[in-house]
Amino acid sequence: MSARIATIGFGAMARSLAAALARHDGGPRVTDCLLRPDSATDLPEGVTACTDIAALIAKAPDLVVECAGHAALAETVPALLRAGLDVVVVSLGALCDDALRAEVMRAAAEGAARLIPVAGAVGGLDLLRAARLAGLDAVTYRGIKPAGAWAGSPAADAVDLGGLAQATVVFSGTAREAALRFPKNANVAAAVAFAGLGLDATRVELIADPAGTANRHEIAATGAFGEMAFSVTNRPLPGNPKTSHLAALSAEEAVLAVFAAGPFGADAAPRR
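Residues numbered from 1 in each chain as written. Predicted model: local features only at pLDDT ≥ 70, side-chain atom pairs only at ≥ 80, totals over all residues. Heavy atoms only, no water.

Novice: Before we move on, can you summarise the layout of surface pockets with the specific residues and values?
Specialist: The computed volume of the second largest pocket comes to approximately 470 Å³. As for the second largest pocket, its lining consists of 24 residues, and the residues nearest its centre are P117, V118, A119, L125 and R129. Elements that contribute at least two residues to the lining of the second largest pocket include exactly α4 (98-111), β6 (115-117), α5 (125-132), α8 (186-195) and α9 (245-259). In terms of residue count, α9 provides more of the lining of the second largest pocket than any other element does, five residues in total. (1 Å grid on protein atoms, 1.4 Å probe; cavity = no way out; pocket = protein on both sides within 12 Å on 5 of 7 lines; lining within 4 Å. Points joined across faces, edges and corners; volume = space filled by probe spheres on them. Helix = DSSP H or I, 4+ residues; strand = E, 2+ residues; numbered from the N terminus.)

As structure tokens, then:
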């Protein structure tokens, strides 16, 4: 019997995850989701909705995937962990709140459950975690987006986004500061910080590029190991240009890794 996956929310990422997992023969399947009572979301065949946490816990899914944003994580994940359910977390930026992070960690310990963070739209974090073991001197994350992608954020107050002639830094500070001021861009900065030097020692630069057509993420680090530089340019998730395709794939990979057999993970590549 296939492992049963529940999602928190059923937006573009959860839909992508459900469709992707269905292409893995005999693999885990999304069977349940937690939605607000007033949600009008249409669900695919085989997926049922729960409108409160107790109902979802009663379903006893094999794994829960949070992909509904910072507020949803705070409202649901501690209770799920205390109930002994393992949770894959996409909205890592929410854990920049020290009190919430402490609550989540206590809940995981009380429920003997796992909190499984995903890398999201960036990579190289395994390298960063390994380098941390010998000691890191500096870690910088740079998030570069088309100028228009920063509309509605504090960047619009810092510069004239429509009048930029070249790539311009719209924020420079710590990962914690970035998460507080730019919550919609906090997940990647948080992922880098948690893998490396932490929220207050990780430097973040957010850049608006008038010539940009995609989102670019760069990590630079130095330490006892030497130095590293990593970058990735993301295409949007089909059906939702505000979400990175790689972020959705990262959630899929995390689910598959939980249930994969053998030292090298899944034995067969999915059919796309």
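Having seen the model, we can carry on.
Novice: Can you break down the pattern of salt bridges residue by residue, with the values?
Specialist: Scanning the model with the defined rule gives 10 salt bridges in all. In this structure, the salt-bridge partner of R36 is E75, at a minimum N-O distance of 3.3 Å. Of this pair, R36 sits in the loop between β2 (29-34) and β3 (48-50) while E75 is found in helix α3 (residues 70-82), placing the two residues 39 residues apart along the sequence. Taking relative accessible area as the criterion, E75 reaches 45% and is therefore assigned partly exposed. R216 is the partner of E218 in a salt bridge, and the nearest nitrogen-oxygen pair spans 2.9 Å. Take R216: its relative accessible area is 30%, and that puts it in the partly exposed class. (Salt bridge = Lys/Arg side-chain N within 4 Å of Asp/Glu carboxyl O. Buried < 20%, exposed > 50% of the residue type's maximum accessible area, 1.4 Å probe, protein only.)

Novice: If you had to explain the sheet that holds β2 to someone new, which residues and values would you point to?
Specialist: An order of β3-β2-β1-β4-β5-β6 is seen for the six strands of this open sheet, with the pairing classed as parallel. Since the sheet does not close on itself, it has two edges, and those belong to β3 and β6, each with one partner. Direction aside, neighbouring strands of the sheet carry axes that sit 30° apart on average. In this structure, strand β5 (residues 87-89) lies alongside β6, joined through three bridges in parallel fashion. Residue pairing for β6: V87 is matched across the bridge by L115. (Pairing = 2+ DSSP bridges. Axes fitted to C-alpha atoms, helices over the stretch in contact; angles between N-to-C directions.)

Novice: Explain the packing of aromatic side chains to me, and be specific about the residues and the numbers.
Specialist: Summed over all chains, the structure comprises two aromatic pairs. Taken together, a centroid distance of 5.8 Å and an interplanar angle of 85° make the contact between W150 and F182 edge-to-face. In this pair, W150 sits in the loop between β7 (136-146) and α6 (155-158) while F182 sits in the loop between α7 (175-181) and α8, placing the two residues 32 residues apart along the sequence. Taken together, the ring pairs in this structure connect W150, F171 and F182 into an aromatic cluster. Lying across the ring of W150, K145 places its NZ or CZ 5.3 Å from the centre. (Phe/Tyr/Trp six-rings, centres within 6.5 Å; stacked < 30°, edge-to-face > 60°. Lys NZ or Arg CZ within 6 Å of the ring centre and 35° of its normal.)

Novice: Outline the sheet that holds strand β11 (residues 226-234), listing residues and values.
Specialist: Taken in spatial order, the five strands line up as β8-β9-β7-β10-β11 in an open sheet, and their pairing is mixed. Of all strands in the sheet, those with a lone pairing partner are β8 (168-174) and β11, marking the two edges. Going from strand to strand, the sheet's axes swing by 15° on average, the running direction of each strand aside. In the sheet, β8 pairs with strand β9 (residues 203-209) via six bridges, with the strands oriented antiparallel. Along β9, the bridge assignment pairs T168 with A208. Contacting β7, β9 and β10 (215-223), α8 crosses the sheet at an angle of about 165° to β7. (Contact = heavy atoms within 4.5 Å.)

Novice: Go over the pairing of strand β1 (residues 4-8), please, and point to the residues and values.
Specialist: β1 sits mainly inside the fold: four of its five residues count as buried. Judged from the five bridges that link them, β1 and β2 form a sheet pairing that is parallel. Its bridge partner being in β2, I5 is matched across the sheet by V30. A crossover links β1 with its parallel partner β2, the connecting element being helix α1 (residues 12-21), and its sense is right-handed. Two elements, β1 and strand β4 (residues 63-66), share four bridges in a ladder whose sense is parallel. If you follow A6 over to β4, its bridge partner there is V64. (Right-handed = clockwise from strand over helix to strand, strands pointing away.)

Novice: Give a detailed account of α3, specifying residues and quantitative values.
Specialist: Here α3 contains 13 residues, and its C-alpha end-to-end distance of 19 Å stays within 8% of the 18 Å for a straight helix at 1.5 Å per residue. The sharpest bend along α3 reaches about 35° and sits at T76, with the proline P78 one to four residues further on. Turning to α3, its buried residues are A72, L73, T76, V77, P78, L80 and L81. (Expected span 1.5 Å × (residues − 1). Bend = angle between axes of the 7 residues up to and from the residue.)

Novice: Describe the environment of D97, and please don't skip the residues or the numbers.
Specialist: Mapped onto the fold, D97 is located in the loop between β5 and α4. The class of D97 is partly exposed, set by a relative accessible area of 41%. The spacing of D97 and R176 is 79 residues in sequence and 8.6 Å in space, taken between C-alpha atoms. Polar contacts involving the side chain of D97 include one to the main-chain amide nitrogen of L100, which spans 3.1 Å. (Polar contact = N/O pair within 3.5 Å; in protein donor to acceptor, adjacent residues only side chain to side chain.)

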